[in-house]
Amino acid sequence: MVDIKSLPDNPYLLLTPGPLSTTKSVKATMLRDWCTWDDDYKNLVQEVREKLVRLGTDKTDRYTCVLMQGSGTFSVESIISTAVPESGKLLVLPNGAYGDRIVQIAKTAKINCVFNDSGELEPPDLEKLDATLKEDRAITHVAVVHSETTTGMLNPIEKIGKIVKKYGKIFIVDAMSSFGGIPMNIEALDCDFIVSSANKCIQGVPGFGFILGKKEVLMKCKGQARSLSLDLYDQWNTMENDKGKWRYTSPTHVVRAFYQALKELEEEGGIARRAERYRANHRTLVDGMRKLGFRTLLPDAYQGHFITSFYSPESGKYDFKTFYDMLKTKGFVIYPGKVSKASAFRIGNIGDVYPADMERLVKAIESSMFWND
Ligand SMILES: *Cc1c(COP(=O)(O)O)cnc(C)c1O
């Protein structure tokens, strides 16, 4: 085992929505090789799958977990292009780039798809959702993003789920940037499929995503996939029958690191405690930034604690790149804005990051406000 303290420090903290700052102990686990079909590795995979199901629900017999190679988008594409049958129709509720991406995935897969776009600064319109499901009986599936990373908005998936289930539709949630960072009971949500990835709130390194899904719903998806490598049913079938075997080369080191990250999540006290830390990061950041005169893009009522968007300073002397570079030399990497109608930048509150880091960041920002000089 390596001496973890001897590992080099990162030159800067990643205050981004993933990949994010991970612990040295997570990174250190990657210093050995694994055989993909050996039991040592397959048992690790099975344990990861079981632990993930337990993070989402107590009803572990009703739900299952599939791991999928690639970044988070591969997993979203995998579930969308596997779950919706040829005769099905998907309704997406986008309010940002990641919701738009689900629509794009559906179009690429030639899935019959409609969407209710509420705009980047508003949550999905619940009345409109109800009306759409009442009118369009052809819709079979509804997909929404939980924490829309474009703005930092936390969409009301409980309320959305209730309406979706009132009409008996399959409910798919992209909880990429929220799963593991906020208590979530997928059974109570009656969620059919929820997607996340290794490098977000579980604090692993990038390389695979995962889908938690209702077994009985997934079992009906055989033969529906529009892609071979992203066939979620087939991936699940192999993992299930071959007890932890992935269909194609699996990101072994990443999975081992993820296993360690899950252990560290438990050591921290579980999801509720991690959520408290992220919330404290967010509060420290927003309070400090408001004192410096920055305004948040979203009203507090819509804001999640995962990533925060701030309006760019109005001064003509401000430019993001200079600001970014100054903060980077001070040890912090922030994130550009993504909203189309406003100039903004974003700061992530997740990862191996603590309120004290946020206090240091606010000080670094205070001394980087070159546009006021
Ligand atoms: C990170 C993220 C994804 C996946 O993005 P990748 O770059 O493919 O990992 C999808 N949805 C949301 C909301 C995200 O934050």
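Below is a summary of the structure that appears in this document. (Residues numbered from 1 in each chain as written. Predicted model: local features only at pLDDT ≥ 70, side-chain atom pairs only at ≥ 80, totals over all residues. Heavy atoms only, no water.)

### Concerning the pairing of strand β11 (residues 307-311)
Thinking step 1. By the criterion of burial, β11 is predominantly enclosed, with four of the five residues buried.
Thinking step 2. Bridge analysis of β11 against strand β14 (residues 344-348) gives five bridges, and the strand direction is antiparallel. Residue pairing in the sheet places S309 in a bridge with R346 of β14. (Buried < 20%, exposed > 50% of the residue type's maximum accessible area, 1.4 Å probe, protein only. Helix = DSSP H or I, 4+ residues; strand = E, 2+ residues; numbered from the N terminus. Pairing = 2+ DSSP bridges.)

### Here we look at the environment of V53
Thinking step 1. The residue V53 is located in helix α2 (residues 39-56) in this model.
Thinking step 2. Distance in space between the C-alpha atoms of V53 and V66 is 9.8 Å, their sequence separation being 13 residues.
Thinking step 3. Apart from the residues within four sequence positions on either side, V53 is in contact with T60, Y63, T64, C65 and L212. (Contact = heavy atoms within 4.5 Å.)

### Remarks on the pairing of β14
Thinking step 1. Extensive coverage of β14 is indicated by the burial of five of its five residues.
Thinking step 2. Going residue by residue along β14, you find A344, R346 and G348 tucked away on one face and F345 and I347 tucked away on the opposite face as well.
Thinking step 3. Bridge count between strand β13 (residues 335-336) and β14: two bridges; the pairing is antiparallel. If you follow Y335 over to β14, its bridge partner there is R346.

### Points about helix α10 (residues 271-291)
Thinking step 1. A rise of 1.5 Å per residue sets the reference length of α10, with its 21 residues, at 30 Å; its end C-alpha atoms lie 30 Å apart and thus fit the reference within 8%.
Thinking step 2. Listed in full, the buried residues belonging to α10 are I271, R274, A275, R277, Y278, N281, H282, T284, L285, V286, G288 and M289.
Thinking step 3. Each element contacted by the buried residues of α10 is listed here: α2, α9 (252-268), β11, β14 and α12 (355-366).
Thinking step 4. One or two positions beyond α10, positive phi appears at G293, with a value near 100°. (Expected span 1.5 Å × (residues − 1).)

### Regarding the packing of aromatic side chains
Thinking step 1. According to the stated counting rule, one finds 16 aromatic pairs in the structure shown.
Thinking step 2. Here W34 and Y41 contribute two aromatic rings whose centre-to-centre distance is 6.4 Å and whose plane-to-plane angle is 50°, an arrangement assigned as tilted. As far as burial versus exposure is concerned, W34 and Y41 are alike and both buried.
Thinking step 3. A ring pair is formed by F179 and F210, whose centres lie 5.6 Å apart and whose planes are at 70°; its orientation type is edge-to-face. (Phe/Tyr/Trp six-rings, centres within 6.5 Å; stacked < 30°, edge-to-face > 60°.)

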